[in-house]
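Structural overview for review
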Amino acid sequence: MEFKIRAEEIRNELVRKVEELSGQNVFACYQCGKCSSGCPSVPYMELLPNQVLRLLQFGKVERILQSNTHWICASCFVCTTRCPKDIDIAAIMEALRQLDLRKNRDYLKIPEIDGEEMAKFPPIALVSAFRKLTA
Ligand code: SF4
Ligand code: SF4
């Protein structure tokens, strides 16, 4: 009984929002690390995918949002296919991006991109980046 009360306190409003947006139960994760060991973006992430899940279990959503992890995530779904608990980690990363984007927090600052640099990228890459990384 005491454990149930504590769990509900930890599953705070932001954690519930992530679960609602992603359709996932973050407390199903048992920290096996298979998501992180298969993720191709890990070298560039400040937090590993399994660490994101662990912080969610502690209610530390703002700590996750301070990191670059949910932005660096390439939505490749490798983590999702590897999770033995059938957690869609890619959907959780998308939910975290949504939390930021709904506050108009852009990851990509378009006015700061050098025009000559921008001209080197394929238009489809730019359109994808603008759609994913800006509000
Ligand atoms: S693979 Fe699934 S259960 Fe394992 S650490 Fe990642 S999210 Fe948790
Ligand atoms: S969907 Fe994101 S977190 Fe999952 S393996 Fe791909 S890059 Fe890593």
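Residues numbered from 1 in each chain as written. Chains lettered and ligands numbered in written order. Predicted model: local features only at pLDDT ≥ 70, side-chain atom pairs only at ≥ 80, totals over all residues. Heavy atoms only, no water.

**Here's the deal with the overall build of the protein chain**
Going by this rule: A helix here means a DSSP run of H or I that spans at least four residues, while a strand means a run of E at least two residues long, and both kinds are numbered starting from the N terminus. The rule is simple: take the accessible area with a 1.4 Å probe, protein chains only, and divide by the maximum for that residue type; under 20% is buried, over 50% is exposed, in between is partly exposed. By the convention used here, residues are in contact when the closest approach between their heavy atoms is within 4.5 Å. Per-residue and other accessible areas follow the Shrake-Rupley method at a 1.4 Å probe size, with only the shown protein chains counted as cover for residues. When charges are tallied, Lys and Arg are placed among the positive residues and Asp and Glu among the negative ones, while His and the ends of the chain are skipped. Working definition for charges: the position is that of NZ of Lys, CZ of Arg, CG of Asp or CD of Glu.
The helix and strand tally for the protein chain stands at 10 helices and zero strands. The linear arrangement of helices and strands in the protein chain, starting from the amino end, is α-α-α-α-α-α-α-α-α-α. Taken along its principal axes, the extent of the C-alpha atoms in the protein chain is 60 × 30 × 20 Å. Taken over 135 residues, the protein chain has a buried fraction of 37%. Considering only contacts in the protein chain between residues 6 or more positions apart, those separated by 24 or more positions represent 64%. As displayed, the protein chain offers around 8,200 Å² of accessible surface, 54% of which is attributable to carbon and sulfur atoms. Side-chain charges in the protein chain split into 19 positive and 17 negative, and the spacing between the mean points of these groups amounts to 5 Å.

**Details of the nonpolar core**
Stated formally: Definition of nonpolar core: a set of buried residues of the types Ala, Val, Leu, Ile, Met, Phe, Trp, Tyr and Cys, connected through side-chain atoms within 4.5 Å.
Among the nonpolar cores identified, the biggest contains 26 residues, and Leu 56, Ile 89, Ile 92 and Leu 96 are the most heavily contacted of them. The set of elements that each furnish at least two residues to this core consists of α2 (13–22), α4 (49–57), α5 (61–65) and α8 (89–101). Ignoring sequence-local partners within four residues, the contact set of Leu 96 consists of Val 18, Val 52, Val 61, Ile 64, Leu 65 and His 70.

**Structural notes on α8**
Note the cut-off: By this rule, a helix spans an expected 1.5 Å times one less than how many residues it contains.
Compared with the 18 Å implied by 1.5 Å per residue over 13 residues, the 18 Å span of α8 between its first and last C-alpha is a close match. Within α8, 11 of the 13 residues are buried, leaving the element largely enclosed by the surrounding structure. Those residues of α8 that fall on the buried side of the exposure criterion are Ile 89, Ala 90, Ala 91, Ile 92, Met 93, Ala 95, Leu 96, Arg 97, Leu 99, Asp 100 and Leu 101.

**A closer look at the site of ligand 1**
Cut-off, in case you're wondering: Near is defined per residue: the residue qualifies when any heavy atom it owns lies within 4 Å of the molecule or strand.
Lining the immediate surroundings of ligand 1 are 14 residues, of which Cys 29, Cys 32, Gly 33, Cys 35 and Cys 83 lie closest. At the level of elements, α3 (34–38) and α4 are the ones that each hand at least two residues to the shell around ligand 1.

**Concerning the domain arrangement of the protein chain**
Where we set the bar: Where each domain begins and ends follows an automated or database-derived domain assignment. Joining two parts hides part of their accessible area as seen by a 1.4 Å probe, and the buried area is that hidden amount summed over both. Put simply, a salt bridge is a Lys or Arg side-chain nitrogen that is within 4 Å of an Asp or Glu carboxyl oxygen. Three residue categories are used. Nonpolar comprises Ala, Val, Leu, Ile, Met, Phe, Trp, Tyr, Cys and Pro, charged comprises Asp, Glu, Lys and Arg, and polar comprises the others, including Gly.
One can read the domain layout of the protein chain as domain 1 (2–103) and domain 2 (108–135). Averaged C-alpha coordinates put domain 1 and domain 2 at centres separated by 26 Å. Counting residues at the interface gives six residues for domain 1 and four residues for domain 2. Of the roughly 380 Å² buried between domain 1 and domain 2 on both sides combined, carbon and sulfur atoms contribute 58%. Looking at the side of domain 1 facing domain 2, the largest losses of area belong to Trp 71, Arg 97 and Leu 101, adding up to 86% of the total buried there. Put simply, domain 1 and domain 2 have zero salt bridges between them. Of the residues belonging to the side of domain 1 that touches domain 2, the class tally is four nonpolar, one polar and one charged.

**Here we look at the pattern of salt bridges**
Under the criterion given, the structure shown has six salt bridges. Linking Glu 19 and Arg 11 is a salt bridge whose minimum nitrogen-to-oxygen distance equals 2.7 Å.

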